[in-house]
Amino acid sequence: GASSIAVAPDGRFVYVTAAIDNSISVFSGPNHSDREPGLVLPTIVQSLTDGMNSVAGISGASSIAISPDGRNVYVTGELSDSVAMFDRDPDFGTLTFVESLTVVTSLSGPTSVVVNPDGQQVYVAASGIDAIVVFDRNPEDGSLTFVESLGPDPDGEGISVSGLNLVSSVTASTDGLNVYATGVE
């Protein structure tokens, strides 16, 4: 079944992840200019599956986020310990796989992803290490660069944040000044 949903900034396309199927489905939304009252079902535009057509890093696809400029889509692969990046075609809504970030050692069990409203950072809830992983986002190409991991800090070298045990969700305030996360304790 579906695990996460995101709507493109222009409202024309809807993106759904399915953790069990390791996939992303793209749907076109209703055309609001000629929409009649009543239920309007979306039309499937594209389906992408981990391990097919060069797509990687979305095994256990648990969360999806779209950059505010609508140019990129980020998907957490909870079973592949990764964040996959896609370029998004704004006219047709289709996605093109770019890369899967798996080299970050602190990216264990990613369950949620959000792009800051200014598009400059991406935050990932990593339940496997009870932390929020912070990336800088390049606004030109959408690529991500690891910045830091916020959570338990047993060696005392980073920023220690408590309350993120089995962190499951992360979101950013609309002004981009605060990041919130849910954890078991």
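Refer to the structure printed above.
Residues numbered from 1 in each chain as written. Predicted model: local features only at pLDDT ≥ 70, side-chain atom pairs only at ≥ 80, totals over all residues. Heavy atoms only, no water.

Undergrad: Just checking my understanding: could you explain the side chain of Ser 127 for this structure?
TA: The topology assignment puts Ser 127 in the loop between strand E10 (121–126) and strand E11 (131–137). For Ser 127, a relative accessible area of 14% puts it in the buried group. Side-chain polar atoms of Ser 127 contact the backbone oxygen of Gly 109, separated by 3.0 Å. Ser 127 has contacts with Glu 78, Ser 108, Gly 109, Thr 111, Leu 166 and Val 167, leaving out every residue within four places of it along the chain. (Helix = DSSP H or I, 4+ residues; strand = E, 2+ residues; numbered from the N terminus. Buried < 20%, exposed > 50% of the residue type's maximum accessible area, 1.4 Å probe, protein only. Polar contact = N/O pair within 3.5 Å; in protein donor to acceptor, adjacent residues only side chain to side chain. Contact = heavy atoms within 4.5 Å.)

Undergrad: Even after reading the chapter, I still don't get the sheet that holds strand E8 (residues 95–101), so can you show me in this structure?
TA: Within a beta sheet, neighbouring strands are joined by backbone hydrogen bonds and run either parallel or antiparallel to one another. An order of E5-E6-E7-E8 is seen for the 4 strands of this open sheet, with the pairing classed as antiparallel. Strand pairing shows two members of the sheet lacking a second neighbour, strand E5 (61–66) and E8, which therefore form its edges. Mean inter-strand twist for the sheet, computed between neighbouring axes without regard to direction, equals 25 degrees. (Pairing = 2+ DSSP bridges. Axes fitted to C-alpha atoms, helices over the stretch in contact; angles between N-to-C directions.)

Undergrad: What exactly am I supposed to notice about the pattern of salt bridges here?
TA: A side chain of one charge can pair with a side chain of the opposite charge if their charged atoms are brought near each other. This model, assessed by the stated rule, comprises 3 salt bridges. The partner of Asp 10 in a salt bridge is Arg 12, and the shortest N-O contact between them spans 3.8 Å. Residue classification places Arg 12 among the partly exposed positions, given a relative accessible area of 38%. The residue Asp 10 makes a salt bridge to Arg 88 at a minimum N-O spacing of 3.9 Å. Linking Asp 10 in the loop between strand E1 (4–7) and strand E2 (13–18) with Arg 88 in strand E7 (residues 82–88), this pair joins segments that are 78 residues apart in sequence. The class for Arg 88 is buried, based on a relative accessible area of 7%. Several salt bridges share partner residues, and in doing so they unite Asp 10, Arg 12 and Arg 88 into one network. (Salt bridge = Lys/Arg side-chain N within 4 Å of Asp/Glu carboxyl O.)

Undergrad: I'm lost on the nonpolar core in this one. Help?
TA: Formed by 17 residues in total, the largest nonpolar core has its most connected members in Tyr 15, Ile 58, Val 75, Phe 86 and Leu 95. Elements supplying a minimum of two residues to this core: E2, strand E3 (23–28), E5, strand E6 (72–77) and E7. At 3 residues, E5 tops the list of elements feeding residues into this core. Excluding its chain neighbours within four sequence positions, the residues that come into contact with Tyr 15 are Ser 4, Ile 5, Ala 6, Ala 8, Ser 25, Val 26, Ile 64, Ile 66, Arg 88, Gly 93 and Leu 95. Counting 14 residues, the second largest nonpolar core, distinct from the first, contains Ala 65, Met 85, Val 133 and Phe 135. (Core = buried A, V, L, I, M, F, W, Y, C linked by side-chain atoms within 4.5 Å.)

Undergrad: Mind showing me how you'd approach the pairing of strand E12 (residues 144–150) here?
TA: On a regular strand, each side chain points to the face opposite its neighbour's, so the side chains alternate between the two faces of the sheet. Where E11 meets E12, 6 bridges bridge the pair, whose relative direction is antiparallel. Within E12, the residue paired with Val 133 across the bridge is Ser 149. In this antiparallel pair of consecutive strands, E11 and E12, the connection spans 6 residues, and Gly 142 shows a positive phi of 80 degrees.

Undergrad: Which parts of the structure should I look at to understand the sheet that holds E2?
TA: The 4 strands are arranged E1-E2-E3-E4 in an open sheet whose pairing can be described as antiparallel. Both outer strands of the open sheet, E1 and strand E4 (43–49), are each paired with one neighbouring strand and no more. Going across the sheet, the axis of each strand differs from the next one's by a mean of 20 degrees, ignoring polarity. In the sheet, E1 pairs with E2 via 4 bridges, with the strands oriented antiparallel. Paired with Ser 4 across the two strands is Thr 17, which belongs to E2.

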